[in-house]
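Breakdown of the fold
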Amino acid sequence: MAKLLGKLEAEFEKLTGGHEAGGSGLRQTLSDTQDLKQQLRKLKAHLNKNIQEREGSPQDNKLMKKRAVIQDKVNKCYKVWDHAVKRQGKAVGLRYACFRKDALAQLKGAPLEEIYQHKIAPANRAFVDRAIGFHISRYNVGDLPLDEGANIVQYLETAYRVDRAASERLAPMGRMIHDLRRHEFDSCAAWASDHGDSVTPRLQFELFILKALQMVKVSGTTHTVKYLIDNVPQNLITYSEDSTYKDVSAALLAKMVLGHELPDIDAIIQERLQSCIRIFTHEFCAQNSLPFDSPLFLTVLSGIISLQYFIKYNQIRAASHVGWTTRDELPFDVELPDFLSHFHPIFICPVLKEETTSENPPYSLSCHHIISKKALDRLSKNGNLSFKCPYCPVHTTMIKTKRVNFVIL
Ligand SMILES: [Zn+2]
């Protein structure tokens, strides 16, 4: 397998880049294209000038000569360019055919089934597919090369075979990120105002700054100041959750209001845009009970971090002949960073302080807090009463609860 991977890598390198593989050919084509463009521009300028001067002297020899020279240059350039593009096209086709023969065909013949010994149970396959689908959607939904009005869910389904269930909830987020990247802030601002107090004021604040920066660029300071005075609500002006952030923003706003030149305004817009997209993504995921990071990413990352413990454990086990007796549980502790360790491999009912089992499974209440079946029966007097969640003020009834399945892969 290692040999095959090495070969794949080498072939891929040949396909995509490398000096000999045609990287230089592509560069040459690009420079030929630029030459042609320049000559065409000259011809256009010449023709424009000619039309203006024509009325005065219809048979100007000097002009006709000049035109012939330019036409000649354009023709030559066109030939060089046409030749280069055709040659490059052929070379790319050839390289791809080689790649298919030398790499892809071999990959298809590789005994992948024998290499992966820990097979995923068929019943869990759908969960894994959905996790992969969510992963692809979560990190790419704002970056897809979409045409105006294209359907994100459909695109992900066709291009990446992502299940609709995995992409549907993220699609509105993707649409709004697309708008933001095109400097259209209204859809995101409308979303933020629809969600009112539950969304951090920082998102709205960031949107106002972006809009103001855009206005400074297009319509000047006076308009921008008026816009800010008319539109920024009082609570945003006094908002002070993060003082460093506020200081930076205040300095920026002050410069705008005073009409100071903002050097490299496009770079500032770009930077604020990235920060705005990050905040928005956070807020959107939180509002829709979606994890900010994909569970697949977190799982794989935990696995990579754990690998060193496995290796160490293996050495100890070999030396001291101890066995691994626990099922679905590691015989050692893995230290994970905070953002990875608030997930639990087992679930302890917070009411009864007992681990849930298949006889006493976990149930989620309408507020999404989870307790065990026994605790649920007790609190609801066997389903007869509505009751308050032990962790928050929400009242719920048995009928609104849902069985929770923790998947073990
Ligand atoms: Zn609750």
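To start, this report covers the structure provided alongside it. Since we're looking at a predicted model, the values are computed, not measured. Per-chain numbering applies: the sequence of each chain, read as written, is numbered from 1 onward. Local features in a predicted model are, by the rule used here, given only for residues with pLDDT of at least 70; side-chain atom pairs are given and counted only at 80 or more, and totals for whole chains, interfaces and linings are based on all residues. Side-chain metrics rest on all non-hydrogen atoms present in the structure, leaving aside hydrogens and water.

**Describing the overall build of the protein**
So the rule is basically this: Only runs of H or I of at least four residues qualify as helices and only runs of E of at least two qualify as strands under DSSP, and these elements are numbered from the N terminus. Pairs of residues are marked as contacts when any of their non-hydrogen atoms sit within 4.5 Å. Computed by Shrake-Rupley with a 1.4 Å probe, the accessible areas treat only the displayed protein chains as cover when residues are assessed.
Broken down by element type, the protein carries 17 helices and five strands. A fraction of 62% describes how many contacts in the protein between residues 6 or more apart in sequence connect residues 24 or more apart. Only carbon and sulfur atoms are counted for the fraction: they give 57% of the accessible area of the protein, which is about 27,600 Å².

**Re the packing of aromatic side chains**
Where we set the bar: In summary, the pairing rule links any two rings of Phe, Tyr or Trp, Trp by its six-membered ring, whose centres are within 6.5 Å, and it sorts them by plane angle into stacked for under 30 degrees, edge-to-face for over 60 and tilted for everything else. Buried means the residue's accessible area, taken with a 1.4 Å probe over protein chains only, is under 20% of the maximum for its type, while exposed means over 50%, and partly exposed covers the values in between. Geometrically, a lysine NZ or arginine CZ counts as sitting over a ring once it is within 6 Å of the ring centre and also within 35 degrees of the ring normal.
Going through the model one piece at a time under the given rule, you end up with nine aromatic pairs. Seen from their ring centres, Trp 191 and Phe 280 are 5.3 Å apart, and the 90 degrees between their planes marks the pair as edge-to-face. Of this pair, Trp 191 sits in helix H9 (residues 186-194) while Phe 280 sits in helix H14 (residues 265-287), placing them 89 residues apart in sequence. We note that Trp 191, like Phe 280, is buried. By the ring-pair criterion, three or more aromatic residues cluster together here, those being Trp 191, Phe 280 and Phe 284. Over the face of the ring belonging to Phe 292 we find Arg 138, whose NZ or CZ atom lies 4.7 Å from the ring centre. The lysine or arginine in question, Lys 373, covers the ring of Tyr 363, its NZ or CZ lying 6.0 Å from the ring centre.

**Here we look at the coordination of the zinc ion**
Applicable threshold: Listed donors are limited to N, O and S atoms within 2.8 Å of the metal, widened to 3.2 Å for Na, K and Ca; water is not among them, so incomplete-looking sites are possible. Under this scheme a four-donor centre is tetrahedral when all angles range from 85 to 135 degrees, a four-donor centre is square planar and a six-donor centre octahedral when opposite donors are above 155 degrees with the rest from 65 to 115, and any other centre is irregular.
Only Cys 367 (SG), His 369 (ND1), Cys 389 (SG) and Cys 392 (SG) from the protein reach the zinc ion as donors, at distances of 2.0 to 2.3 Å. With four donor atoms in place around the zinc ion and angles of 104 to 114 degrees between them, the coordination shape is tetrahedral. When the donor residues of the zinc ion are listed from N- to C-terminus, their spacing reads C-x1-H-x19-C-x2-C. Placement of Cys 367 in the loop between strand E1 (362-364) and strand E2 (370-372) and of Cys 389 in the loop between strand E3 (387-388) and strand E4 (395-396) is noted, with a sequence separation of 22 residues between them. Residue classification places Cys 367 among the buried positions, given a relative accessible area of 19%.

**Here we look at helix H3 (residues 61-109)**
The criterion, for reference: Residue count minus one, scaled by 1.5 Å, sets the expected span of a helix.
The terminal C-alpha atoms of H3, which comprises 49 residues, lie 71 Å apart, in line with the 72 Å expected from a rise of 1.5 Å per residue. Among the residues making up H3, those that are buried are Leu 63, Ile 70, Val 74, Cys 77, Ala 84, Gln 88, Arg 95, Phe 99 and Ala 103.

**Points about the pattern of salt bridges**
Threshold: What counts as a salt bridge is simple: a side-chain nitrogen of Lys or Arg found within 4 Å of a carboxyl oxygen of Asp or Glu.
Counted by the stated rule, this structure contains 15 salt bridges. Salt-bridge contacts for Asp 186 lead to Lys 211; the nearest nitrogen and oxygen are separated by 3.2 Å. Of the two residues, Asp 186 sits in helix H9 while Lys 211 sits in helix H10 (residues 201-219), which places them 25 residues apart along the sequence. By relative accessible area, which is 53% here, Asp 186 ends up exposed. The salt bridge partner of Lys 373 is Asp 377, with a shortest N-O separation of 3.0 Å. Placement of the pair is Lys 373 and Asp 377 together in helix H17 (residues 373-379), with a separation of four residues, close to one helical turn. With relative accessibility at 24%, the residue Lys 373 sits in the partly exposed group.

**Here we look at the sheet that holds E2**
Sheets are built from strands that pair by backbone hydrogen bonding, the pairs being arranged parallel or antiparallel. Convention followed: Any two strands with at least two DSSP-identified bridges between them are counted as paired.
The strand order across the open sheet formed by three strands is E2-E1-E5, and the pairing between neighbours is antiparallel. Two strands close off the open sheet at either side, each with one partner strand: E2 and strand E5 (402-403). For E1 and E5, the ladder comprises two bridges, and the chain directions are antiparallel. Bridge pairing in E5 places Ser 364 opposite Lys 402.

**Describing a nonpolar patch on the surface**
Our working definition: Only residues whose relative accessible area exceeds 30% and that take part in no salt bridge are eligible for patches, with like-charged residues grouped when within 9 Å of each other and nonpolar side chains (Val, Leu, Ile, Met, Phe, Trp, Tyr) grouped when within 5 Å.
Together, Leu 307, Phe 310, Ile 311, Trp 324 and Leu 330 line one region of the surface with nonpolar side chains, adding up to about 440 Å² of accessible area. Tracing the backbone through its elements, the reader meets Leu 330 in the loop between helix H15 (295-320) and helix H16 (338-341). What makes Leu 330 partly exposed here is its relative accessible area of 35%.

**Comments concerning the nonpolar core**
Put simply, the rule reads: Here, nonpolar core refers to any group of buried Ala, Val, Leu, Ile, Met, Phe, Trp, Tyr and Cys residues whose side-chain atoms link them within 4.5 Å. Note that the domain bounds reflect an automated or database-derived domain assignment.
In this structure, Met 173, Leu 180, Trp 191, Leu 203, Leu 213, Met 256 and Phe 280 are the most contacted members of the largest nonpolar core, which totals 49 residues. For this core, the secondary structure elements donating two or more residues are helix H5 (122-140), helix H6 (152-160), helix H8 (171-181), H9, H10, helix H11 (221-231), helix H13 (243-257) and H14. Domain assignment of the residues forming this core places at least three in each of domain 2 (123-168) and domain 3 (177-287). Those residues in contact with Met 256 that lie beyond four places of it in its chain are Ile 209, Ala 212, Leu 213, Val 216, Thr 221 and Leu 262.

**Structural notes on the packing of H5 against H15**
Quick note on the threshold: Lines fitted to C-alpha atoms define the axes here, with helix axes fitted over just the stretch in contact, and angles between the N-to-C directions of these axes take values from 0 to 180 degrees. Any angle between 65 and 115 degrees counts as roughly perpendicular, while under 35 counts as roughly parallel, over 145 as roughly antiparallel, and the rest as oblique. Gly counts as polar in this scheme, as do all residues outside two lists: the nonpolar Ala, Val, Leu, Ile, Met, Phe, Trp, Tyr, Cys and Pro, and the charged Asp, Glu, Lys and Arg.
At a minimum axis separation of 8 Å, H5 and H15 run at an interaxial angle of 105 degrees. In terms of orientation, H5 and H15 fall into the roughly perpendicular class. Residue-level inspection shows Ala 131, Ile 132, Phe 134, His 135 and Tyr 139 of H5 in contact with H15, the latter providing Pro 295, Leu 296 and Phe 297. Along the lines of polarity and charge, the residues of the contact of H5 with H15 split into seven nonpolar, one polar and no charged.

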